[in-house]
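# Examination of the molecular architecture
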Amino acid sequence: MRAADGRLTAEVIAAGGRQLGALNRELNSIVGPHFGPLEGPGSATWREAFTKMIEDTLADGARVQVDIGWDHDDIRAVLAKYASALDTVTEPRFVEVDLWTKNSMIRDGQIVSILDHERAVYGDPLMEAGLTGIDLPVFGDPTDFMQGYGLGELSEAQRVRRRLYSLYLAVIMILETKYRGHTDTTTYDLGREQLDLLMAQFGRTR
């Protein structure tokens, strides 16, 4: 179903969000052999794997000299302060990481395909993109996704983990503009804004 202007109706989008949540939960039921990238050897703990993901991303930024607006040690300090929250994740689950509405295709009101899988890891399902709006409203209301997933209000410990994952995403948003050869600063500026918001949520100010 499509509205007169060619866009999906609000009802179809909401139902799609719930479908996406349910589908994502099914994917997250897959248990991996280790934490980290799907192709091993991976890491023994989620803290180790996620720390490596952050460090690799910062190294990518340093390699092409992208200014993220914060010293890289500020990002490391936040991770060090809150890394113990990652230790509650003891089972490596398949995580799509980038599965959000624009990476799904709907036909006749049903999701028929999902795409863009290259960021998948074995880790914490709370890292899924459908939950990003919990921390960063610019990514949209996650209510439909959460309803379809069967996820209620997060505990404080879960919120800390979720916020760390949004921090990681914001850094990627900034850095990838250089690697993708963006000719305008729209995505870069958005990433900088979101990173500033997240650092403030962690109590960090410049």
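Look above for the structure.
This write-up is about the structure you can find in this document. Please read these numbers as outputs of a predicted model, since none were measured by experiment.

Within the protein, the secondary structure is distributed over six helices and five strands. Ordered by position from the N terminus, the helices and strands of the protein form the series α-β-α-α-β-β-β-β-α-α-α. Considering only C-alpha atoms, the protein reaches an extent of 50 × 40 × 30 Å along its principal axes. Burial analysis of the protein (206 residues in total) assigns 45% to the buried set. Contacts spanning at least 24 positions in sequence make up 75% of the contacts within the protein whose residues lie at least 6 apart. Of the roughly 10,900 Å² of accessible surface on the protein, 52% is carried by carbon and sulfur atoms. The protein carries 22 positive and 31 negative side-chain charges, and their two centres are separated by 1 Å.

Counted by the stated rule, this structure contains eight aromatic pairs. Residues Phe35 and Trp46 carry aromatic rings whose centres are separated by 6.1 Å and whose planes lie at 40 degrees to one another, so their mutual orientation is tilted. Here Phe35, found in the loop between α1 (10-28) and β1 (36-37), pairs with Trp46, found in helix α2 (residues 46-63); they are eleven residues apart in sequence, far enough to count as distant. The class of Trp46 is buried, set by a relative accessible area of 0%. Judged by centre distance (5.8 Å) and plane angle (45 degrees), the ring pair of Trp46 and Phe50 falls under tilted. With a gap of four residues between them, Trp46 and Phe50 both fall in helix α2, about one helical turn apart. Each member of the pair, Trp46 as well as Phe50, carries the same accessibility label: buried. An aromatic cluster is present here, built from Phe35, Trp46, Phe50, Tyr165 and Tyr168 joined pairwise through their rings. Across from the ring centre of Phe202, 5.7 Å away, lies the NZ or CZ of Arg163, which sits over that ring.

What follows deals with the layout of surface pockets. Of the pockets and cavities examined, the largest pocket occupies roughly 860 Å³. As for the largest pocket, its lining consists of 37 residues, and the residues nearest its centre are Asp98, Trp100, Ala129, Thr132 and Phe139. At the level of secondary structure, the elements contributing two or more residues to the lining of the largest pocket comprise α1, α4 (143-149), α5 (156-179) and α6 (186-201). Among the elements that line the lining of the largest pocket, the one with the most residues is α5, at seven residues. Classifying every residue of the lining of the largest pocket by side-chain character gives 18 nonpolar, nine polar and ten charged. In this structure, the second largest pocket occupies an estimated 580 Å³ of space. Listed by contribution, the elements that provide at least two residues to the lining of the second largest pocket are β1, α2 and α5. Among the elements that make up the lining of the second largest pocket, the one with the highest residue count is α2 (six residues). Its residues placed into classes, the lining of the second largest pocket shows twelve nonpolar, five polar and eight charged.

Rules used in this analysis
Residues numbered from 1 in each chain as written. Predicted model: local features only at pLDDT ≥ 70, side-chain atom pairs only at ≥ 80, totals over all residues. Heavy atoms only, no water. Helix = DSSP H or I, 4+ residues; strand = E, 2+ residues; numbered from the N terminus. Buried < 20%, exposed > 50% of the residue type's maximum accessible area, 1.4 Å probe, protein only. Contact = heavy atoms within 4.5 Å. Areas by Shrake-Rupley, 256 points an atom, 1.4 Å probe, with all protein chains shown as cover. Lys, Arg positive; Asp, Glu negative; His and termini not counted. Charge placed at Lys NZ, Arg CZ, Asp CG, Glu CD. Phe/Tyr/Trp six-rings, centres within 6.5 Å; stacked < 30°, edge-to-face > 60°. Lys NZ or Arg CZ within 6 Å of the ring centre and 35° of its normal. 1 Å grid on protein atoms, 1.4 Å probe; cavity = no way out; pocket = protein on both sides within 12 Å on 5 of 7 lines; lining within 4 Å. Points joined across faces, edges and corners; volume = space filled by probe spheres on them. Nonpolar A, V, L, I, M, F, W, Y, C, P; charged D, E, K, R; others polar.

Geometry only, nothing functional implied.
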